Every structure is written in C-alpha cells, then in structure tokens.
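So you can see what is in the structure, the chains are spelled out below.
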2 protein chains.
Amino acid sequence: MKVMNIKLTVAYDGTDYHGFQEQRGTGFVTIQEVLEKALSKLAKQRIQVTGAGRTDSGVHAKGQVVNFKSESWPVPLDKIPLAVNALLPGDVVVLKAEKVPDEFHARFSAVKKTYVYTILNQRLPDPFTKRYALHEPRPLDDDAMNRAAQYLVGEHDFKSFQAQGTPVKTTVRKLTEASVKRDGCKLYLRFTANGFLYNMVRIMTGTLIQVGLGKIKPDDVKLILESRDRTKAGPTVPPQGLCMEKVYY
Amino acid sequence: MKVMNIKLTVAYDGTDYHGFQEQRGTGFVTIQEVLEKALSKLAKQRIQVTGAGRTDSGVHAKGQVVNFKSESWPVPLDKIPLAVNALLPGDVVVLKAEKVPDEFHARFSAVKKTYVYTILNQRLPDPFTKRYALHEPRPLDDDAMNRAAQYLVGEHDFKSFQAQGTPVKTTVRKLTEASVKRDGCKLYLRFTANGFLYNMVRIMTGTLIQVGLGKIKPDDVKLILESRDRTKAGPTVPPQGLCMEKVYY
C-alpha cells in the first residue's frame, strides 16, 4: 500500500499547553500530544507527527506546520481539517491538509519561519489580550525600535540573543526581516529567519523594548550583536506575546 | 466623616467566572467577589459593590459599571484603577474611577445599556476568538439579519425573547438600537435598550441567526415579536459571544 505524506497547517492558543513537543511521562499536555491523539483516533492507527518548530509553553501559532506518514487514510484530504477539528479541543485547530512528496519534512524542509511578538502599549491592562500580548504600560518609541531592529537583519552570529547554556552547532542565522509596527495601542514585532536560536525572538524583543524605553540607543543594538555576549542583550520577554506566524518551504 | 460614592468602569473576560453577581456559599467565583475582595483589601474595610447588570457565566464586559460607598479611601481617585488592578487577577480590570453624587446607583440610575454579540462566520474555527465569539460555519446573510433587527427597534413587549419562567413585572422594553454589521469574517450584533429581559440579547441573536441562515424571513421577526411566545423565537445562543459594552447614565 502506498504511504501518504500529509502536511497540516495548524493554529493554536498555547496558553494551556506545555509547548508543542511531546514530553513523555511528564504529565504535561502538549500540542503534539493532542494532535496525535485526534489523528490516531481518526486514522484508527498510531500517528506520529513532526513539527516545524518546537514552540514553548504559552507560545501560540497561526501557521505551525506538521507532517505525518500514513498507509491508509479514512477521509478525503479536503475533509481532514473538519474531521480532525471535531476531535480536537477548540484551542487547537487544523487549518489545511495537503499531500506532499515523500521527502517533505516539516522541520528539515523549512527554508524560513516568521514569528510575531505582540505588545499592548497602553497604561491599563486589557483582559481580552492578556493571553496574546505582553502588557507594557510605559510609552514605547516604536520608530527607535524599528531603527534598532534593522541592525539585526542579515547573516549574523546571534549568540547574544540565545538563552545561555543551549548546545547548538552554530549560532549564525540569517534574519531576512525585522520590523516594529504600531497599530493603535498594539505593537507588532515581526521576525523572519532561516532559523531561530532558543529564545532568540523573545530576547530580541526584550532588547528592542529597552530601546523603546530609551534605556538602550538604537545604535547600541549593533554593539550588542557584535559582542556575542548574552548578558549585553535585554531580558527574555514572557511567552504569551509570541506567535509562530508562518513556515516557508 | 463624609461618605464617598465611587463609580468604577470595569472590563472583564468572563470565561472563568460564574457570572457577575456574588453567590454566597456556592463555591463558584464571580466578578463581584474578586472586585470586592480587591477593593476591601485596598480600603482595609469591607466594601460591597452594586453592579449595573448581572452578566451570566461566560459573558464579558468592556464597560460594566459598579458603585460603592466608603467612608475613607486610602488612594486618590485617579490612582484607584492601578492600585485595584494590582490586586485583581488579570482577567478583571478597573478602567476608570469617578466620584459620583450620593444618590447614584449603578443599576437604578442607568438609563440604557449596550450589549454586543460577536459571531465568527467562517468555515473553520479560530483558537484565538474561541472565548469571545460564537463560531457559525454556515454563511450568514448579514443584510437580511440587519433588516430583521429593525423590527425589534422601538418600545415593544419582548416576551417572545425572554427565557421562560422568569418572573418580571413587565416584559415591555424600549430598544433604541439593533444592528448587524460585518467586518470580514466577524459579525457584530449591537443592541441598546433601557433594559433587557433575562437572556433577551442571546434569544434575539439566536433568532437573527435563523434569519441569516434563511430559515426565518426577516419579516417573520415582526410576527415572532407580536406572538409574545418564546417558542416562536430562535434558540438562546451560548454566552461567550456576549459582551456588556456600555452603560449610560
């Protein structure tokens, strides 16, 4: 029987999950776990998925991508989203299902990814964006933040923007987009790269917030990058503002 | 000592609460309870609040109004929101504090209120609006819904749009606004009245959805209204799409 390789685009509210990746025996519920449970039930066989990226606890996704291989599949491809969603909790939603070539791998085939970090920049908190944005009551200079962000664009060693003690072959990544845009009280920080180091988006955001507060000059971001020293960069911002927006293949 | 009457404007995500009103001894947490707890802690005395409306379990508010009287108050009026918010869980937020005349009563002084019901009208569910909108995957004709809504405007006996078995002096209310507006995949149903019967907004919305699906003609809403018969109207939609938008004094 022909093995099918199926790619799913998945959106989720990560608030109540312990990140994407399955952690056997920990008792914590992950996105991967609920996806595999629903898919296995539908396929009446054990399905294991591979994700494009391992989002952390509390991090969201509008365009996470997973793939899995299966010999038989009980529903037509275009019916998969509705069929799987009926078996998923409402905070994890399959948006799209596509048949892909055998060699497609959600993580290794990805050429770049976009993450967006959202900041609510107003004096008072807002109960409706609490799960999806970082609340920063002090005024942020988004122009300065956007200027600073441009120093991050390009192929650089991002060691300053990596959580300390993370083993990785190389800390060089190519960032093709870094922008800060304001829409009313909301700030959207958008980053696209061929890959991200652990906590890289959250540390870049923490650093740009320091710029927005006037504590770091935009030009200093260049020096922080060149220092290859995590202690020079800003703090790691909390996960709830972060969203995996899109994966490119 | 002079007694102060203080009015607060409050926003909340009602998802995790058992409605606004305190229910002693039930073990369920209500908005009123967490508000009174935070205010009492701040004032170092037992504070009891009166709300403009008793929102149900899961119903939200962007502009709920409460008032309370207190002999002494430890912080200046304009500092109350920040001080109280620091003691509140993040899903309940005090937006504004004002000193009001002694005779001001959050419920009895209100002349009208606006409620908005939000519908997500797209084939697939969305994890990010799950808590704040009703998902209706079938296409809704918002023009027909808006035409139907106009029959509800005016002073009428809304008995058909009241939950059965609710004791109330009169079922006559004056609706000054009923509109259905589409913004992309979202439909906003907006109702303003001098008062609402129990479940009235949710039954009017359920009826207008039937119109949007083509199951009831817009003109039939007039007949449903005149019938004074709850069984003629549509179903009561779930609470998560409902939000108390504003209270007018």
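Residues numbered from 1 in each chain as written. Chains lettered and ligands numbered in written order. Predicted model: local features only at pLDDT ≥ 70, side-chain atom pairs only at ≥ 80, totals over all residues. Heavy atoms only, no water.

(A) Representation of the domain arrangement of chain A. Residue and element names in this part refer to chain A. In terms of domains, chain A is made up of domain 1 (4-100) and domain 2 (112-248). Between domain 1 and domain 2, the C-alpha centre-to-centre distance is 28 Å. Each partner contributes to the interface: domain 1 provides 16 residues, whereas domain 2 provides 15 residues. Between domain 1 and domain 2 the total buried area reaches about 1,200 Å² when both faces are included, carbon and sulfur atoms providing 54% of it. If you look at where domain 1 meets domain 2, you find three salt bridges. Aspartate 16 is the partner of arginine 131 in a salt bridge, and the nearest nitrogen-oxygen pair spans 3.6 Å. In terms of residue class, the side of domain 1 that touches domain 2 is made up of four nonpolar, eight polar and four charged. (Domains from an automatic or database assignment. Contact = heavy atoms within 4.5 Å. Buried area = accessible area lost by both parts, 1.4 Å probe. Salt bridge = Lys/Arg side-chain N within 4 Å of Asp/Glu carboxyl O. Nonpolar A, V, L, I, M, F, W, Y, C, P; charged D, E, K, R; others polar.)

(B) How the structure looks around helix α5 (residues 220-227) of chain A. Residues and elements named next belong to chain A. Those residues of α5 not exposed but buried are Val221, Ile224 and Leu225. Viewed along the axis of α5, the buried residues span an arc of 100°, placing them on a single side of the element. At its buried positions, α5 is contacted by α3 (142-150), β7 (154-157) and α4 (200-212). (Buried < 20%, exposed > 50% of the residue type's maximum accessible area, 1.4 Å probe, protein only. Helix = DSSP H or I, 4+ residues; strand = E, 2+ residues; numbered from the N terminus. Arc of directions from axis to C-beta.)

(C) Layout of the packing of aromatic side chains. All names here are of chain A. The full count for this structure, using the stated rule, is 10 aromatic pairs over all chains. On the basis of an interplanar angle of 55° and a centroid distance of 4.7 Å, the ring pair of phenylalanine 104 and tyrosine 249 is categorised as tilted. Linking phenylalanine 104 in the loop between β4 (92-100) and β5 (112-120) with tyrosine 249 in the segment after β10 (242-248), this pair joins segments that are 145 residues apart in sequence. Residue phenylalanine 104 is classed as buried on the basis of its relative accessible area, which comes to 11%. Judged by relative accessible area, which is 35%, tyrosine 249 ranks as partly exposed. For the ring pair tyrosine 115 and phenylalanine 196, a centre distance of 5.2 Å and an interplane angle of 85° mean the geometry is edge-to-face. Taken together, the residues span a long stretch of sequence, with tyrosine 115 in strand β5 and phenylalanine 196 in the loop between β9 (186-193) and α4 at a distance of 81 residues. (Phe/Tyr/Trp six-rings, centres within 6.5 Å; stacked < 30°, edge-to-face > 60°.)

(D) The interface of chain A and chain B, seen in detail. Contact with chain A, which involves 23 residues of that partner, is made by 23 residues of chain B. A buried area of about 1,900 Å², summed over both sides, lies between chain A and chain B, and 72% of it is on carbon and sulfur atoms. Per-residue buried area on chain A facing chain B is highest for Leu124(A), Pro127(A) and Phe128(A); these three make up 33% of the total on that side. Across the contact surface, chain A and chain B share zero salt bridges. Inspection of the region where chain A meets chain B yields zero residue pairs in polar contact (both at pLDDT 80 or more). Within the residue set of the side of chain A that touches chain B, elements represented by two or more residues are β1 (4-12), β3 (60-70), α2 (80-85) and β4 of chain A. (Polar contact = N/O pair within 3.5 Å; in protein donor to acceptor, adjacent residues only side chain to side chain.)

(E) Geometry of helix α1 (residues 31-43) of chain A. All names here are of chain A. With 13 residues, α1 should cover 18 Å at 1.5 Å per step; its first-to-last C-alpha distance of 18 Å lies within 8% of that length. Among the 13 residues of α1, 10 are classified as buried, and the element is accordingly described as predominantly covered. Ile31, Gln32, Val34, Leu35, Glu36, Ala38, Leu39, Ser40, Leu42 and Ala43 are the residues of α1 that are buried. Buried residues along α1 sit against β1, β3, α2 and β4. Count one or two residues on from α1 and you reach lysine 44, which has phi positive near 55°. (Expected span 1.5 Å × (residues − 1).)

(F) Just the state of the cysteines, in detail. Per the stated rule, a full pass over the model turns up zero disulfides over all chains. Of all cysteine sulfurs, the one in Cys243(B) lies closest to Cys185(A), which takes part in no disulfide; the gap is 17 Å. (Disulfide = S-S within 2.5 Å.)

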